[in-house]
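A closer look at the structure
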Amino acid sequence: MEATILTNRPHFPKPPTSQSNLRMKVDRTNLPVLPPPPPSSLPHDSLIDHLLQISSSSSAQGPNNHRKPISTQNSKPKTKSLQITQKKRHRLKNSDTGWDDDDELAFMPPRCKSMLNSIVHEPLSNLNAFFDTVKFELTQLDFASLLKGLDVSGNWEKAIFLFEWLVLNNPHNTSKLGNQVIEMMALILGRESQHSIASRLFDLVPIKDYSLNVQAYTTILHAYSQSGKYERAVSLFEHINENGPSPTLVTYNVMLAVYGKMGRSWNKILGLLDVMKKRGLEFDHFTCSSVITACARDGLLEEAKNFFADLKSQGYVPGTYAYNSLLQLFGKSGIYSEALAVLKEMEESDCPPDLVTYNQLVAACVRAGFHEEGAALIDTMIRKGVLPNVVTYTTLISGYGNVGKVDKALSLFNLMKESGCVPNVQTFNTILVMLAKTSLYEEMPGIFREMESYGCAPDRITWNTMLCMCSVRGMRKHANRIFQEMKNCGIEPGRDTFNTLIQAFGRCGLGSDAAKVHDEMMKLGYTPCVKTYNAVLYALARQGDWKAAESVILDMKKKGFKPNDKSYSFMLQCYATGRYVRGIEMIANEIYNGHIFPSWVLLRSVFLANFKCRSLMGMERAFQELQKNGYKPDLVVYNSMISICSRNKMYIRAHEMLDLIQKSGLQPDIMTYNSLIDMYASAGECWKAEEILRRMQKSREKTDLVSYNTVIKGFCRKGLMNDATRIFSEMTIQGIRPCIITFNTIVAGYARKGYFTEVNDVISYMIENSCRPCELTYKSVVDGYCKAEKYDEAMDFVSEIRKMDNSMDQFVGEGRRRESTGISKNK
């Protein structure tokens, strides 16, 4: 007879509520304290409160502690592409009687100077009320001079407030809004890069009723471009072409960027380039960059390379800026080999790589799965005198986070701070996204506190991350609250915010709410884009509704949008969830035949879709294509290969994958070890399964419940119950709480061997420690009795279940039915 389950059985953290008549002696001293179960829900409200606290403290630390109608906090350097020159501004001395005489204010009449003095002494929070009290005096002044005076004196924010007040309070009387005033505001807003404010204000002004200079028009076009209001930009550009003035090279460059951001506009870009050639305008680095960036957004690799080659054939000498744009194209596509070729061409052309060059190379490495090679570029940069900046580190942190290497990402984050590189809000956003994806919500409050210590105010992306969390968890109430709080904090929702909300409500099955978000987005001037369609596809992918997803793809193409790698990835997920292997094969064939660009993201998605459908042939082909295109499979790919090989008893191939992991510089993780343990346990080689468990313990990977359950399963299947209970004891000593699967495995093992006394002990032990047996537990016992041809004992056991566990009345009823039918007949 085998030994009982445990000689000295460890107990769970909770003491038993009742004493059962166990035949085993239990040592109740030195009981291990097992970890409590994980929290059942995500503390959304707590995280939102942290975010609101940072937002309020960031406002309090600003120069003006108040809520402003227009947010002008994140002022950026002047935009080179608009070629707006910033005049040197001097803060004028003031006295009790007014402004001192100064050449800078010589253009202002005395009455304007007096009003200027009053406005400057008013805090921003009181300006609107002040303007209301002096409304009559303002209408008598030269408005253009007053605005210019505020700007020259360094009070450009107050100039914007004054302009907004005039627009909002005089909607039917725009006599003060002459060409000069509009041009002045365009200059200020463009110079300070206040694009969002500019687009809002100029939406309220009938711009087409004015005859502005080309610089003002170009600034407004750029503001629309930066704010995502592309249709308004196109409409205004058509007005300029019809009514003048003649667009400059800068204007055309801005419109090239607009068409590039809109997507599906390659023909329009080509037409605009033809117009520029006919007008004799020579393409500059901004032209080249805008066209290549547009190609990068639409995945037009060949078009970009042909355009670049054609420019060079016409005598154009690319500079670092142009080469960097080409690197960005290959970086977004994850074409590591092409990126290295561009770097080589730069070096051969005596065009020195700069910080942006290396950052694009890092991005290419990350996208192609070469994370360690990307990290090694940091040493190369330092050696060549180029210091990595926040973009360098953030790109690598994002790359590690995307493949689940949270520890490496956080280590790099610490290295970044130690090197003196100050993280910005994008860095913190990247880490928050990573923590949300890996469900490490308890770490997020610490990141929020660190954001506050660095003075990083949450931006739209931060709030979008919180919305994404609600999308993942399907919590409508929290999504609505986050959206409202975001607007209350003065953060204007952008196209990405609306896309995130559509995705969130779509996943929750709230089609009407998603439609309302879409309507609000349209009212604010945001037209749907590829990301909007991708948000819908993402929601459908979770449901596996591949027929609806196919109609979305058709609608995209019908409206001129080109699906990108994310679109096809979500489509593949949709097919995989719906178990429609034919759909996966159709997209895979388009990729393999060259009709869709084989990016690392897309080939990886093909691989994982086949894995989900257990298609070994499809996985092997995708794995070969990854290697053929020079991409580096990540640990998820390798682990999936080991898992499928284990299922198909392809042990040699599984070990080949393990060797490839080590040769590629990766380290096996918990999924790798658990897959190997399962492979050996399923093959009946339980001692080798335990050997992998020991190797896992020696490595840095921490064993988990799955690891121990799988080894226990292997021993139980072989009938080695002493070894199974030995592993069980070790697991509890390690602080890992057994689950129902653990006990069911042991119960089934004892039942198969006919050790029913031990079975009863285990079941009593389960109930004593608040792990109630389930129907499968009892069925295993009944099956064991029947296989041992102990039918009377089986009927007695069924009858006694209610006494042992009063929660199993339903099973008892079923047992009685079986008693009168199947069991009696077998007997």
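No experiment lies behind these values; they were computed from the predicted model shown.

So, about the environment of Glu-691. Inspection of the secondary structure assignment puts Glu-691 in helix H36 (residues 686-698). The spacing of Glu-691 and Val-711 is 20 residues in sequence and 9.7 Å in space, taken between C-alpha atoms.

Attention now moves to the packing of aromatic side chains. Summed over all chains, the structure comprises 21 aromatic pairs. Judged by centre distance (6.1 Å) and plane angle (75 degrees), the ring pair of Phe-237 and Tyr-252 falls under edge-to-face. In this pair, Phe-237 is assigned in helix H10 (residues 230-243) and Tyr-252 in helix H11 (residues 249-262), connecting sequence segments 15 residues apart. Across the pair, exposure class does not vary: Phe-237 and Tyr-252 are buried alike.

Here the focus is the pattern of salt bridges. Within the structure shown, the criterion is met by 20 salt bridges. Its salt-bridge partner being Glu-450, residue Lys-417 comes within 2.4 Å of it at the nearest N-O pair. You can see Lys-417 sitting in helix H20 (residues 406-418) and its partner Glu-450 sitting in helix H22 (residues 444-453), a full 33 residues away along the chain. Judged by its relative accessible area of 24%, Lys-417 is partly exposed.

All right, on to the packing of helix H31 (residues 600-612) against helix H33 (residues 635-647) then. Interhelical geometry of H31 versus H33 gives an angle of 25 degrees and a closest axis separation of 11 Å. What the angle tells us is that H31 and H33 run roughly parallel. For the pair H31 and H33, the sense of crossing is left-handed. Judged by residue contacts, Arg-604, Phe-607, Leu-608 and Phe-611 of H31 engage Val-636, Val-637, Ser-640, Met-641, Ser-643 and Ile-644 from H33. Within the contact of H31 with H33, the residues separate by chemical class into seven nonpolar, two polar and one charged.

Right, let's get into the UniProt feature "repeat: TPR" (unreviewed entry) in the protein chain. Those places that UniProt annotates as "repeat: TPR" (unreviewed entry) correspond, in this numbering, to residues 214-247. Here residues 214-247 is 79% helix and 0% strand, with 6 Å between the C-alpha atoms at its ends.

Once that is clear, we can look at the side chain of Ser-567. With respect to the secondary-structure elements, Ser-567 resides in helix H29 (residues 565-577). Given the relative accessible area of 0%, Ser-567 is considered buried. Here Ser-567 is in contact with Val-530, Asn-534, Leu-537, Ile-553 and Met-556, once residues within four sequence places are set aside.

The omega torsion across Gly-244 and Pro-245 is -5 degrees, close enough to zero to call that bond cis. Within the secondary structure, Pro-245 sits in the loop between H10 and H11. In the Ramachandran plot, Lys-649 falls in the positive-phi region, its phi being about 55 degrees despite a non-glycine side chain. With respect to the helices and strands, the residue Lys-649 is situated in the loop between H33 and helix H34 (651-663).

It is worth spelling out the nonpolar core at this point. Formed by 240 residues in total, the largest nonpolar core has its most connected members in Leu-162, Phe-163 and Phe-202. Ranked by residues supplied to this core, first place goes to helix H6 (residues 156-169) with nine residues.

This brings us to the side chain of Ser-646. Relative to the assigned elements, Ser-646 resides in helix H33. On the accessibility criterion, Ser-646 (6% relative accessible area) is buried. Leave out the neighbours within four places in its chain, and Ser-646 touches Ser-675, Asp-678 and Met-679.

Glancing now at helix H37 (residues 705-717). Here H37 contains 13 residues, and its C-alpha end-to-end distance of 18 Å stays within 8% of the 18 Å for a straight helix at 1.5 Å per residue. Those residues of H37 that fall on the buried side of the exposure criterion are Ser-707, Tyr-708, Asn-709, Thr-710, Val-711, Ile-712, Gly-714, Phe-715 and Cys-716. Measuring from the backbone nitrogen of Val-706 back to the side-chain oxygen at the start of H37 gives 3.3 Å, which picks out Asp-704 as the cap.

With that settled, consider the packing of helix H40 (residues 756-768) against helix H41 (residues 775-787). Running from N to C, H40 and H41 cross one another at 170 degrees; their axes reach a closest spacing of 11 Å. The angle between H40 and H41 falls in the class roughly antiparallel. On H41, the residues touching Phe-756, Val-759, Ile-763 and Met-766 of H40 are Thr-777, Tyr-778, Val-781, Gly-784 and Tyr-785. Split by residue class, the contact of H40 with H41 holds seven nonpolar, two polar and no charged.

Here the focus is the confidence of the model for the protein chain. Overall, the predicted model of the protein chain reaches an average pLDDT of 77, with 80% of residues at or above 70. When pLDDT is averaged over each helix and strand of the protein chain, the minimum, 50, is found for helix H43 (residues 809-826) and the maximum, 93, for helix H30 (residues 581-592). Note that pLDDT drops below 50 for residues 1-42; the model gives that stretch 83 contacts with residues more than four away or on any other chain. Of the regions scoring below 50 in pLDDT, residues 818-827 engages in 11 contacts with residues more than four places distant in sequence or in other chains.

Reading guide: rules and limits
- Residues numbered from 1 in each chain as written.
- Predicted model: local features only at pLDDT ≥ 70, side-chain atom pairs only at ≥ 80, totals over all residues.
- Heavy atoms only, no water.
- Helix = DSSP H or I, 4+ residues; strand = E, 2+ residues; numbered from the N terminus.
- Phe/Tyr/Trp six-rings, centres within 6.5 Å; stacked < 30°, edge-to-face > 60°.
- Buried < 20%, exposed > 50% of the residue type's maximum accessible area, 1.4 Å probe, protein only.
- Salt bridge = Lys/Arg side-chain N within 4 Å of Asp/Glu carboxyl O.
- Axes fitted to C-alpha atoms, helices over the stretch in contact; angles between N-to-C directions.
- Parallel < 35°, antiparallel > 145°, perpendicular 65-115°, else oblique.
- Left-handed = near helix turned anticlockwise from the far one by under 90°.
- Contact = heavy atoms within 4.5 Å.
- Nonpolar A, V, L, I, M, F, W, Y, C, P; charged D, E, K, R; others polar.
- UniProt positions renumbered as here; feature names shortened; annotations may be inferred.
- Core = buried A, V, L, I, M, F, W, Y, C linked by side-chain atoms within 4.5 Å.
- Expected span 1.5 Å × (residues − 1).
- Polar contact = N/O pair within 3.5 Å; in protein donor to acceptor, adjacent residues only side chain to side chain.
- pLDDT = per-residue confidence, 0-100.

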